[in-house]
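Descriptive structure summary
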Amino acid sequence: MRRSTGGSTLSREDLTAWVRVLLASAVVYAKDLLALYSTWGFMLVRLSVPMFMIATAWALSRLSGGMSPFEALGYSDYVAFVAIGFSLYSLLTATLFDVGERLHRELVQGTLEAILVTPASRFSWLFGNALGSLGVSLLDLVIILAYYTIIFGSASLHLEAAPQAAAVLALGFIGMVGMGLLLGGIIVNLKEPHAFNVMLTPFLMLLSGMMFPVEVLPSPLDTAAELIPLTLTLEAVRSLLLKGGGISSVEGLLVKLAIEAVVYTLAGYMVFKTLEERARRSGGLTKF
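Residues numbered from 1 in each chain as written. Predicted model: local features only at pLDDT ≥ 70, side-chain atom pairs only at ≥ 80, totals over all residues. Heavy atoms only, no water.

Here we look at the pattern of salt bridges
Any two side chains of opposite charge can pair, on the condition that their charged atoms come close. In total, this model carries one salt bridge according to the counting rule given. Between Lys 256 and Glu 226 there is a salt bridge, with its nearest N and O atoms 3.3 Å apart. Here the residue Lys 256 occupies a position in helix 10 (residues 251-282), and Glu 226 occupies one in the loop between helix 8 (221-225) and helix 9 (229-243), the gap between them amounting to 30 residues. (Salt bridge = Lys/Arg side-chain N within 4 Å of Asp/Glu carboxyl O. Helix = DSSP H or I, 4+ residues; strand = E, 2+ residues; numbered from the N terminus.)

Written out as structure tokens, the structure is:
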């Protein structure tokens, strides 16, 4: 059954098709990533790198002689601070970069044009790929936090706030997908995701506060940091899990994060559509 609303036509069938494309693309991409994860070399990297990150954070905390400047900002455990930062950073940047990586792969294989000319929603397909990446990348989150709790225990973590932290993470995921759409539109035209990933990674590491609170950044970097959904997500999750202030303590961050999620998603989709049409007219969808 269809109904008209202000000249647009909505139907239950359209919504069902949108959801099916979303789930199908998520499952397909998740299977591709799991196939990569199943190789012993890749799994070894995934298991060893988090251990080195946590060990580095522990060593740095020992250098300060127990008098960490993080205490002034309400963080008493620097190792837990870095463990949460590294786990969420890996999770959300995988979502950001994998949108472009997927477009690049389809372009190289010669299947991108066929996908984009189908009547299926492009947004649903791209969002589904990001969702599949998020699902598989949750393994990194589990591995890192498991390492921390096994070695240091869970006394520094307010685990009762985990549901609220998961909700914040979901909101941050939407914002990062929007940024991924912006990057994806550029990749469709320039056909090079790796250079952008390499260029963006150090800036995201600096501005997101993965290893330190963004409050220590000089102006205007501290302002620029708040324009990245990853920064707000990390700050809110850390506040919940390390300070235990409850959801009311991060209301301001959630409002900013919700605004960024909407703005980046809408802007990302419009930019992607514009650049896609430009690539279609120039024949860029069939050439690599």
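Topic: helix 3 (residues 78-109)
The terminal C-alpha atoms of helix 3 lie 45 Å apart, and with 32 residues this matches the ideal 46 Å at 1.5 Å per residue to within 8%. In helix 3, a bend of some 30 degrees at Asp 98 exceeds every other bend along the element. Across the 32 residues that make up helix 3, a large majority, 28, are buried. Two or three places before Val 79, at the opening of helix 3, Asp 77 has a side-chain oxygen 3.1 Å from that residue's backbone nitrogen. Gly 110 lies just past helix 3 and shows a positive phi near 80 degrees. (Expected span 1.5 Å × (residues − 1). Bend = angle between axes of the 7 residues up to and from the residue. Buried < 20%, exposed > 50% of the residue type's maximum accessible area, 1.4 Å probe, protein only. Polar contact = N/O pair within 3.5 Å; in protein donor to acceptor, adjacent residues only side chain to side chain.)

Topic: helix 5 (residues 122-152)
Side chains three or four residues apart in an α-helix point the same way, a direct result of the helix having 3.6 residues per turn. In this model helix 5 runs 45 Å from its N-terminal to its C-terminal C-alpha over 31 residues, within 8% of the 45 Å that 1.5 Å per residue would give. The axis of helix 5 is deflected most strongly, by about 30 degrees, at Val 136. Residue Gly 153 follows helix 5 closely and has a positive phi angle near 85 degrees.

Description of the packing of helix 3 against helix 9
Viewed as axis vectors pointing N to C, helix 3 and helix 9 meet at an angle of 140 degrees, and their least axial separation amounts to 10 Å. Overall, the two elements helix 3 and helix 9 adopt an arrangement that is oblique. Of the two possible hands of crossing, helix 3 and helix 9 adopt the one that is right-handed. Where helix 3 abuts helix 9, its residues Ala 80, Phe 81, Ile 84, Gly 85, Leu 88, Tyr 89, Leu 92 and Thr 93 lie against Leu 230, Thr 233, Leu 234, Val 237, Arg 238, Leu 241 and Leu 242. Residues belonging to the contact of helix 3 with helix 9 are distributed by class as follows: 11 nonpolar, three polar and one charged. (Axes fitted to C-alpha atoms, helices over the stretch in contact; angles between N-to-C directions. Parallel < 35°, antiparallel > 145°, perpendicular 65-115°, else oblique. Left-handed = near helix turned anticlockwise from the far one by under 90°. Contact = heavy atoms within 4.5 Å. Nonpolar A, V, L, I, M, F, W, Y, C, P; charged D, E, K, R; others polar.)

Let's talk about the UniProt feature "transmembrane region" (unreviewed entry) in the protein
Per the UniProt record, "transmembrane region" (unreviewed entry) is annotated on residues 40-60, 72-92, 138-159, 165-188, 195-214 and 253-272. The span residues 40-60 shows a helical share of 100% and a strand share of 0%, and its end C-alpha atoms are spaced 31 Å apart. When the span residues 138-159 is considered, its composition is 68% helix and 0% strand, and the gap between its end C-alpha atoms is 17 Å. (UniProt positions renumbered as here; feature names shortened; annotations may be inferred.)

Considering a nonpolar patch on the surface
A cluster of nonpolar side chains, Met 51, Trp 58, Ile 150, Ile 151 and Phe 152, forms an exposed patch at the surface whose accessible area comes to about 500 Å². Mapped onto the nonpolar patch, the elements with two or more residues apiece are helix 2 (40-63) and helix 5. No other element matches helix 5, which puts three residues into the nonpolar patch. Looking at where Ile 151 falls in the secondary structure, it is placed in helix 5. Take Ile 151: its relative accessible area is 46%, and that puts it in the partly exposed class. (Patch = residues over 30% accessible without salt bridge, like charges linked within 9 Å, V, L, I, M, F, W, Y side chains within 5 Å. Areas by Shrake-Rupley, 256 points an atom, 1.4 Å probe, with all protein chains shown as cover.)

Points about the environment of Ala 55
Mapped onto the fold, Ala 55 is located in helix 2. Residue classification places Ala 55 among the partly exposed residues on the basis of a relative accessible area of 39%. Spatially, the C-alpha atoms of Ala 55 and Val 79 are 8.4 Å apart, while their sequence positions differ by 24 residues.

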